[in-house]
Amino acid sequence: MERKQLVNREPIPYDAPLPELEELLRDKEMQRYCLACEALSWRTDEESFRLLAAQLDVADRWRRLYAFRVIFRSPYSVSLSSYAVQQLLSDDPSFVLAALEIIEEHRLPCPEQAIKAAVAEHYELLHDQGKLLFRLEASGENYRYLTDLFHREGPCIRQEIVADILLDHYEDSRPAELYTLLAGSRHARQRVKAALLAKRRGLDPSALREDPDGHVRKA
């Protein structure tokens, strides 16, 4: 991960002494606080980690959230894996979405049921946080869970991630079912996937030859 150099056009003080960063954490301006969090998150000493970890208990939710988003860059953050999983149960959707991103990005251990429950409850708010579902094992229960998500309304990106997971996990065992599922999507990108699946698996794609979308017909 490449570290950024600016927060809102202001340089991040990576080389600042620790007492100076500690002072910035107490600053009333959120901008100054964020600069300190960014700088501390890339340091490898335990004291920097402790300063940043203490921010997970502050009263201001936005400060807690910012610290939460960056703290897992620290090598000491392994001790906070359970904290990230706990945030999947948060009453604050911002923390749930952040937890999904963090668990996926940093490959933190997390029970399947916790992931599935959080995604299902907050599905309408997701963008690409659903990528964490790639971690699910292939099973009948998880297949039904994923197809239920696929049928829920939402933008193409959410459905596309679920489609990719279904193809990755179940194409070998359920090609015909997946073709029918994808071909019935209102999103052309999923119907293209259906056409390509039909080609790979020797299925009949004739139902898509008169599709209103040119990309689907071409596929």
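Keep in mind the model is a prediction, meaning the values are calculated, not measured. (Residues numbered from 1 in each chain as written. Predicted model: local features only at pLDDT ≥ 70, side-chain atom pairs only at ≥ 80, totals over all residues. Heavy atoms only, no water.)

(A) Structural detail: helix 11 (residues 188-201). For helix 11, with 14 residues, the first-to-last C-alpha span of 20 Å sits near the 20 Å given by 1.5 Å per residue. Within the span of helix 11, buried status applies to Gln190, Arg191, Val192, Lys193, Ala194, Ala195, Leu197 and Ala198. Those residues of helix 11 hidden inside the fold are in contact with helix 8 (140-150), helix 9 (156-170), helix 10 (175-183) and helix 12 (214-218). Looking one or two residues beyond helix 11, the residue adopting positive phi is glycine 202, at roughly 70 degrees. (Helix = DSSP H or I, 4+ residues; strand = E, 2+ residues; numbered from the N terminus. Expected span 1.5 Å × (residues − 1). Buried < 20%, exposed > 50% of the residue type's maximum accessible area, 1.4 Å probe, protein only. Contact = heavy atoms within 4.5 Å.)

(B) Structural view of the pattern of salt bridges. Tallied over the entire structure, the rule returns 20 salt bridges. Put simply, arginine 32 and glutamate 10 hold a salt bridge, and the shortest N to O gap is 2.8 Å. Here arginine 32 is found in helix 2 (residues 30-41), whereas its partner glutamate 10 is found in strand 2 (residues 10-11), with 22 residues between them in sequence. Arginine 32 gets classed as partly exposed once you look at its relative accessible area, which sits at 29%. Owing to a relative accessible area of 24%, glutamate 10 belongs among the partly exposed residues under this scheme. In this structure, arginine 201 and aspartate 172 form a salt bridge, with 2.5 Å as the shortest nitrogen-oxygen distance. Placement of arginine 201 in helix 11 and of aspartate 172 in the loop between helix 9 and helix 10 is noted, with a sequence separation of 29 residues between them. (Salt bridge = Lys/Arg side-chain N within 4 Å of Asp/Glu carboxyl O.)

(C) Main features of the nonpolar core. Ranked by size, the top nonpolar core spans 73 residues in total, and within it Phe68, Leu100, Val119, Leu133 and Leu146 carry the most contacts. If one sorts the elements of this core by residue count, helix 6 (residues 93-105) sits on top with 8 residues. Setting aside chain neighbours within four positions, we find leucine 100 in contact with Leu88, Ala118, Val119, Leu126, Gln129 and Leu132. (Core = buried A, V, L, I, M, F, W, Y, C linked by side-chain atoms within 4.5 Å.)

(D) How the structure looks around the side chain of arginine 158. As for its placement among the helices and strands, arginine 158 is situated in helix 9. Buried arginine 158, no salt bridge; nearest opposite-charge side chain is glutamate 124, N-O distance 6.0 Å. Only 3.1 Å separates the side chain of arginine 158 from the backbone oxygen of glutamate 124, close enough to count as a polar contact. In this structure arginine 158 touches Tyr123, Glu124, Leu125, Leu126, His127 and Glu153, once residues within four positions along its chain are discounted. (Lys, Arg positive; Asp, Glu negative; His and termini not counted. Polar contact = N/O pair within 3.5 Å; in protein donor to acceptor, adjacent residues only side chain to side chain.)

(E) Representation of the packing of aromatic side chains. Going through the model one piece at a time under the given rule, you end up with 5 aromatic pairs. Ring centres 6.0 Å apart and planes at 75 degrees place the aromatic pair phenylalanine 68 and phenylalanine 72 in the edge-to-face group. Using a relative accessible area of 5% as the deciding quantity, one classes phenylalanine 72 as buried. When the ring centre of tryptophan 62 is taken as origin, the NZ or CZ atom of arginine 61, which lies over that ring, is 4.0 Å away. Residue placement shows lysine 116 over the ring face of tyrosine 145; its charged tip is 5.3 Å from the ring centre. (Phe/Tyr/Trp six-rings, centres within 6.5 Å; stacked < 30°, edge-to-face > 60°. Lys NZ or Arg CZ within 6 Å of the ring centre and 35° of its normal.)

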